[in-house]
Amino acid sequence: MHLLTTTRDAILAPLQSVAGIVEKRHTLPILSNVLIEKHGEQLTMLATDIEIQIRTTTAGDLGGSDASLTVGARKLQDILRALPDSAEVNLTLDDKRLTVKAGKSRFALQTLPAADYPRMNLPEGEGTRFQVTQKTFKRLLAQVSYAMAQQDIRYYLNGLLVIVDGGELRMVATDGHRLAYAAAPIEADLPRTEVILPRKTVMELARQLGDADDALEVVLAGNQSVFRFGPIELVSKLIDGKFPDYERVIPQNHPTTITFDRAPLLSALSRVAILTSDKFRGVRLVLEDGLLRIVSSNNEQEEAQEELEIDYHGDALDIGFNVTYLLDVLNNVSHEQIEWHLADGNSSALITVPGNAHFKYVVMPMRI
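What you are looking at is a predicted structure, and each value in this text was computed from that prediction instead of being measured.

Engineer: I tried to follow the UniProt feature "domain: DNA polymerase III beta sliding clamp central" (unreviewed entry) in the protein chain on my own but got confused; where do I start?
Structural biologist: The UniProt feature table records "domain: DNA polymerase III beta sliding clamp central" (unreviewed entry) at residues 131-245. Helix makes up 18% of residues 131-245 and strand 51%, with an end-to-end C-alpha separation of 26 Å.

Engineer: Any chance you could explain helix α2 (residues 73-82) here in plain terms?
Structural biologist: Within an α-helix, residues lying three or four positions from one another point in the same direction, as the helix has 3.6 residues per turn. Those residues of α2 lying buried are Ala73, Leu76, Gln77, Ile79 and Leu80. The arc enclosing the buried residues of α2, seen along the axis, measures out at 160°, which places them on a common side. Residues of α2 that are exposed and point over 90 degrees away from its buried face: Lys75 and Ala82. Structurally, α2 contributes buried residues whose contacts are with α1 (8-19), β2 (33-39), β5 (67-72), β6 (88-94), β7 (97-102) and β8 (105-112).

Engineer: I'm lost on the side chain of Arg178 in this one. Help?
Structural biologist: Inspection of the secondary structure puts Arg178 in strand β11 (residues 178-198). Overall, the relative accessible area of 6% leaves Arg178 in the buried class. A distance of 3.2 Å separates a polar side-chain atom of Arg178 from the backbone oxygen of Tyr146. At a separation of 3.0 Å, a polar atom in the side chain of Arg178 contacts the side chain of Tyr361. The contacts of Arg178, once residues within four sequence positions are left out, are Tyr146, Ala147, Ala173, Tyr325, Asp328, Tyr361, Val362 and Val363.

Engineer: How do you make sense of the environment of Val226 when you look at a structure like this?
Structural biologist: Here Val226 lies in strand β13 (residues 224-229). The spatial distance from the C-alpha of Val226 to the C-alpha of Ile52 is 9.8 Å, given a sequence separation of 174 residues. Residue contacts for Val226: discarding those within four places in its chain leaves Leu122, Pro123, Glu217, Val218, Val219, Glu233, Leu234 and Val235.

Engineer: I tried to follow the pairing of β11 on my own but got confused; where do I start?
Structural biologist: On a regular strand, one side chain projects to one face of the sheet and the next to the other, so that they alternate. In this sheet, β11 lies alongside strand β10 (residues 159-174) in antiparallel orientation, the contact comprising 14 bridges. If you follow Leu160 over to β11, its bridge partner there is Leu197. Hairpin connection of β10 to β11: three residues between the antiparallel strands, including Gly176 at a positive phi of 95°.

Engineer: Explain the packing of α1 against α2 to me, please; I cannot follow it from the model alone.
Structural biologist: What describes two packed helices is the angle between their axes and the distance between those same axes. Orientation of α1 relative to α2, taken along the N-to-C sense of each, is 140°, at an axis distance of 10 Å. As judged from the angle between their axes, α1 and α2 are oblique. The two elements α1 and α2 cross, and the hand of that crossing is left-handed. In this structure, α1 uses Arg8, Ile11, Leu12, Leu15, Gln16 and Ala19 to contact α2, whose residues at the interface are Ala73, Arg74, Leu76, Gln77, Leu80 and Arg81. When grouped by side-chain class, the residues that make up the contact of α1 with α2 number seven nonpolar, two polar and three charged.

Engineer: Help me understand the sheet that holds strand β19 (residues 317-322), please; the structure alone is not making it clear to me.
Structural biologist: What holds strands together in a sheet is hydrogen bonding between their backbones, with the strands either parallel or antiparallel. With antiparallel pairing, four strands are arranged side by side in an open sheet as β18-β17-β16-β19. The open sheet has two free edges, formed respectively by β18 (303-309) and β19, since each of these has just one partner strand. Direction aside, the axes of adjacent strands within the sheet are offset by 20° on average. Sheet topology note: the strand β16 (residues 282-288)/strand β17 (residues 291-297) ladder contains five bridges and is antiparallel. If you follow Val286 over to β17, its bridge partner there is Arg293. Across the sheet, helix α6 (residues 262-273) touches β16, β17 and β18, and the angle it forms with β18 is around 170°. Contacts between helix α7 (residues 323-332) and the sheet are confined to β16 and β19, with β19 contributing the most and set at about 80° to the helix.

Engineer: Quick question: what am I supposed to make of the sheet that holds strand β3 (residues 42-48) here?
Structural biologist: Judged by pairing direction, the sheet is antiparallel, and its twelve strands sit side by side in the order β1-β6-β7-β8-β5-β2-β3-β4-β14-β13-β12-β9 without closing on themselves. Across the chains shown, the open sheet's two edge strands, defined by having one partner strand only, are β1 (2-7) and β9 (128-133). Strand-to-strand twist in this sheet, taken as the mean axis angle between neighbours without regard to direction, amounts to 25°. Examined bridge by bridge, strand β4 (residues 52-59) and strand β14 (residues 232-237) share five bridges and lie antiparallel to one another. When the sheet's bridge partners are listed, Ile52 is paired in β14 with Ser236. Set on the sheet, helix α3 (residues 134-144) makes contact with β9, β12 (215-221) and β13; between it and β9 the angle comes to about 95°. In the packing of helix α4 (residues 199-208) onto the sheet, contacts are made with β4, β13 and β14, and the angle to β14 comes to roughly 165°.

Engineer: Explain the packing of α6 against α7 to me, please; I cannot follow it from the model alone.
Structural biologist: In the contact formed by α6 and α7, the axes pass within 10 Å of each other and the chain directions differ by 150°. Classified by the interaxial angle, the pair formed by α6 and α7 is roughly antiparallel. The two elements α6 and α7 cross, and the hand of that crossing is left-handed. The segment α6 lies against α7, with Arg262, Leu265, Leu266, Leu269, Ser270 and Ala273 engaging Val323, Leu326, Leu327, Leu330 and Asn331. Residue classes in the contact of α6 with α7 are distributed as eight nonpolar, two polar and one charged.

Engineer: So what exactly am I meant to see when it comes to the packing of aromatic side chains here?
Structural biologist: Across all of its chains, the model carries six aromatic pairs by this definition. Here Tyr155 and Tyr156 contribute two aromatic rings whose centre-to-centre distance is 5.7 Å and whose plane-to-plane angle is 75°, an arrangement assigned as edge-to-face. Residue classification places Tyr155 among the partly exposed residues on the basis of a relative accessible area of 46%. Between Tyr181 and Tyr246 the ring centres are 5.6 Å apart and the planes differ by 25°, which places this aromatic pair in the stacked class. Within this pair, whereas Tyr181 is found in strand β11, its partner Tyr246 is found in helix α5 (residues 246-249), the two being separated by 65 residues in sequence. A relative accessible area of 8% means that Tyr181 is categorised as buried. Every member of this aromatic cluster is reached through a ring pair, and the members are Phe260, Phe321 and Trp340.

Conventions used here
- Residues numbered from 1 in each chain as written.
- Predicted model: local features only at pLDDT ≥ 70, side-chain atom pairs only at ≥ 80, totals over all residues.
- Heavy atoms only, no water.
- UniProt positions renumbered as here; feature names shortened; annotations may be inferred.
- Helix = DSSP H or I, 4+ residues; strand = E, 2+ residues; numbered from the N terminus.
- Buried < 20%, exposed > 50% of the residue type's maximum accessible area, 1.4 Å probe, protein only.
- Arc of directions from axis to C-beta.
- Contact = heavy atoms within 4.5 Å.
- Polar contact = N/O pair within 3.5 Å; in protein donor to acceptor, adjacent residues only side chain to side chain.
- Pairing = 2+ DSSP bridges.
- Axes fitted to C-alpha atoms, helices over the stretch in contact; angles between N-to-C directions.
- Parallel < 35°, antiparallel > 145°, perpendicular 65-115°, else oblique.
- Left-handed = near helix turned anticlockwise from the far one by under 90°.
- Nonpolar A, V, L, I, M, F, W, Y, C, P; charged D, E, K, R; others polar.
- Phe/Tyr/Trp six-rings, centres within 6.5 Å; stacked < 30°, edge-to-face > 60°.

Structural data, given as structure tokens:
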């Protein structure tokens, strides 16, 4: 049965949009597959790992018959990638085998029934709905997502807190050692809603969202979230848990504020980080009159030191930090200048952007 004939990219582009969430090894073999549905000139692809589901719908001059099937997502993607860019691809389905033909190349793949493919139901009811530009949502994700925990036993930290409140969208992430907060206005007036997005959902959104002013529709309902943008619909379960009270963690009224040019500070920290010990990654920041010294050492008795001239005229201060946490924030904030707010060697530091109350980063000190 002839399914469709089209260009390589007309199949590869939607497949790449959904295949990113497919697990390589899964207890259910069908979850390694992508669901392909052809109805007239419309081609729908859907992938899921039970926690997240991505569907994309494209239309074009496809020809062929209507059908639904599932086939190995990675294998089909690898085959299409390996074909020439300009290739015309022919898909046929016979006796549970999908044949992919392009020029003199021919591949026969096993399929599994579409009826057996698990699908996530869309959330019931209205929930909280709003629209925001893809660019805004992507920028907020970039400003906080690096602070998420990776495999913390406190499972709610392995995700990102999203809050809509009135006309503001906020995101918060913390791994218990540092916390990142970012906010942006949205054109809405919504009751306060808080949800925790799983790490995998956050990474997938960061990968797929564009940098343009195109619309992103967000629905938060029950224990699910839905994101619709362009031809893509992403459905995700939410993490059920109580996120820490981030407002209590953000320091108020630290007496010392220093403004840095981001690029030179990032360069100096990157160099000093080379000789930190692999386990602790600790650096000392020593503040003196008009000067910041950054010092690191390791178990082999090796040392690195950098000096930066700064506008500081207070008491000497010596405070240790995990250099990775400092590099993360400097790499993910695009502003030319940043402000550090400090109290003493035992208090967490607050990093902000001058004249911008919409970004805050808190990092705990470490003993060195």
